[in-house]
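One-letter residues, chain by chain:
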Amino acid sequence: MDSSAIVEKYFPHLNAQQKAQFQELGNLYAEWNEKINVVSRKDIEHIYEKHILHALAIAKFQDLSGKKILDVGTGGGFPGIPLAIMFPDAHFTLVDSIGKKIKVVKAVAESLGLENVEAFHQRAEKTKGKFDFVISRAVTRMKGFIHWVIEKVHSDKPEENSGIIALKGGDLNEEMAEIKRMYQEVSISDYFSEPFFETKKIVFVPF
Ligand SMILES: C[S@@+](CC[C@H](N)C(=O)[O-])C[C@H]1O[C@@H](n2cnc3c(N)ncnc32)[C@H](O)[C@@H]1O
């Protein structure tokens, strides 16, 4: 398995607790993935690069300190769990429509002592509450996603960012042409130099 060194390379100011949590995270997913498949078997070797660091691209794009975040279709906890380690004073609600994946999320959060994570076996459409940001990776096309979450995004401070932050790959022109809203697209290779990120993007839809 690759190691948390790749996280420390791009986030040199982690405290001792965060370093320990990131170090443990790979082991926890390796163990849980034997029982419940949350990342593909071949990807577990590259979990730090392809899942953990990928999730943390959102931390490079947006400071989430103090924010309320909803991770829709979190699967085993991506991008929510790595971001919850990175932003201990932000609150994360993670939902997925598959119960056994949420079981993994809860177990991982508990093992790490993450007190800023709640996880629910729930469809996005049924999730209640208001959030500063809704985040996701690999769930559905943006048009349908906006429909699911439009009522759930709010901002107390209009001068600060709020909206959807999605991790996406490849050519997004066709998908994003379906939406009528303004959006911003950022290449993750602006932050991370590994070839894996060459085709990866962050899409921000402000609300
Ligand atoms: C390809 S997986 C991605 C999981 C995770 N975000 C990741 O990147 O590893 C898509 C996930 O979205 C979940 N999902 C799909 N539609 C959903 C919905 N309407 N509400 C909640 N979760 C949903 C699926 O159960 C699945 O776990």
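All residue numbers refer to positions counted from 1 along the written sequence of the respective chain. Totals for whole chains, interfaces and linings use every residue, but because this is a predicted model, local features are given only for residues with pLDDT of at least 70 and side-chain atom pairs only at 80 or more, for both listing and counting.

A. Just the nonpolar core, in detail. Note on terminology: a nonpolar core is any set of buried Ala, Val, Leu, Ile, Met, Phe, Trp, Tyr and Cys residues joined through C-beta atoms within 7 Å. Buried, partly exposed and exposed are defined by the number of other C-beta atoms within 10 Å of a residue's own C-beta, namely 20 or more, between the two limits, and 12 or fewer respectively, with C-beta atoms placed from the backbone. Within the largest apolar cluster, 59 residues are counted, with the highest numbers of intra-cluster contacts made by Leu 56, Ile 58 and Leu 83. When neighbours within four sequence positions are excluded, Ile 58 is seen to be in contact with Pro 79, Leu 83, Ile 135, Ile 165 and Ile 202. In this description, a residue-residue contact is defined by the distance between C-beta atoms placed from the backbone, which must lie within 7 Å.

B. Geometry of the UniProt feature "binding site: S-adenosyl-L-methionine" (unreviewed entry) in the protein chain. Using the residue numbers shown here, the UniProt feature "binding site: S-adenosyl-L-methionine" (unreviewed entry) corresponds to Gly 73, Phe 78, Ala 124, Glu 125 and Arg 137. By the criteria applied, helices consist of DSSP H or I runs no shorter than four residues and strands consist of E runs no shorter than two, each listed in order from the N terminus. If you trace the backbone, Phe 78 turns up in the loop between β1 (68-72) and α4 (80-86). Judged by local crowding, Phe 78 falls into the buried class, with 27 C-beta atoms found within 10 Å. If sequence neighbours within four positions are ignored, Phe 78 has contacts with His 51, Ala 55 and Arg 137. You can see Glu 125 is positioned in the loop between β3 (117-121) and β4 (133-137). The exposure class assigned to Glu 125 is exposed, which follows from the 11 C-beta atoms found within 10 Å. UniProt positions are given in the numbering used here, feature names are shortened, and annotations may be inferred rather than shown by experiment.

C. Focus on the site of the ligand. Nearness between a residue and a molecule or strand is assessed with a C-beta atom placed from the backbone; a distance within 6 Å qualifies. Near the ligand you find 16 residues, and of these Gly 73, Gly 75, Phe 78, Ala 124 and Arg 137 are the closest. Any residue outside Ala, Val, Leu, Ile, Met, Phe, Trp, Tyr, Cys, Pro, Asp, Glu, Lys and Arg is labelled polar, Gly included; the first ten of those are nonpolar and the last four are charged. When its residues are assigned to classes, the shell around the ligand shows seven nonpolar, four polar and five charged.

D. Quick look at unusual backbone geometry. Put simply, Phe 78 and Pro 79 share a cis peptide bond, and its omega is 5°. For Pro 79, the position within the fold is in the loop between β1 and α4.

E. Representation of the sheet that holds β3. Read across the sheet, seven strands follow the order β3-β2-β1-β4-β5-β7-β6 without closing on themselves; strand pairing throughout is mixed. The open sheet is flanked by β3 and β6 (184-187), the only strands paired with a single partner. Strand-to-strand twist across the sheet, computed as the mean angle between neighbouring axes with direction ignored, equals 20°. Being paired, for any two strands, means DSSP has found at least two bridges between them. With five bridges connecting them, β4 and strand β5 (residues 163-169) associate as parallel partners. The residue bridging Arg 137 from the neighbouring strand is Leu 167, located in β5. Along the sheet, helix α5 (residues 99-112) makes contact with β2 (91-96) and β3, crossing β3 at roughly 165°. Only the contacting stretch of a helix is used when fitting its axis, a line to C-alpha atoms as for every element, and angles between N-to-C directions run 0 to 180 degrees.

F. Summary view of the pairing of β5. Of all seven residues making up β5, six are buried, and the element is well covered by its neighbours. Tracing the backbone out of β4, into helix α6 (residues 142-149) and back to the parallel element β5 gives a crossover that is right-handed. When β5 meets strand β7 (residues 200-206), the two strands line up antiparallel, connected through seven bridges. Residue pairing in the sheet places Leu 167 in a bridge with Ile 202 of β7. With strands facing away from the observer, any crossover in which the path from the first strand over the helix to the second runs clockwise is taken as right-handed.

G. Summary view of the packing of helix α2 (residues 16-35) against α5. Between α2 and α5, the shortest axis-to-axis distance is 10 Å and the interhelical angle comes to 145°. For the element pair α2 and α5, the recorded crossing hand is right-handed. Along its contact with α2, which presents Gln 21, Glu 24, Leu 25, Leu 28 and Trp 32, the element α5 presents Val 104, Ala 107, Val 108, Ser 111 and Leu 112. Split into classes, the residues belonging to the contact of α2 with α5 amount to seven nonpolar, two polar and one charged. Take the far helix as the reference: if the near one is turned anticlockwise from it by less than a right angle, the crossing is left-handed, and if turned clockwise, right-handed.

H. Structural view of the environment of Asp 132. Structurally, Asp 132 can be placed in the loop between β3 and β4. For the pair Asp 132 and Asn 27, spaced 105 residues apart in sequence, the C-alpha separation works out to 31 Å. Look past the residues within four positions of Asp 132 in its chain and what remains in contact with it is Lys 67, Lys 68, Ile 69, Ser 155 and Ser 162.

I. Molecular detail of the confidence of the model for the protein chain. Looking at the protein chain, pLDDT values average 96 and 100% of them are 70 or higher. In the model output, the complex is listed with pTM 0.97 alongside ipTM 0.99. pLDDT expresses, on a scale from 0 to 100, how confident the predictor is about each individual residue.

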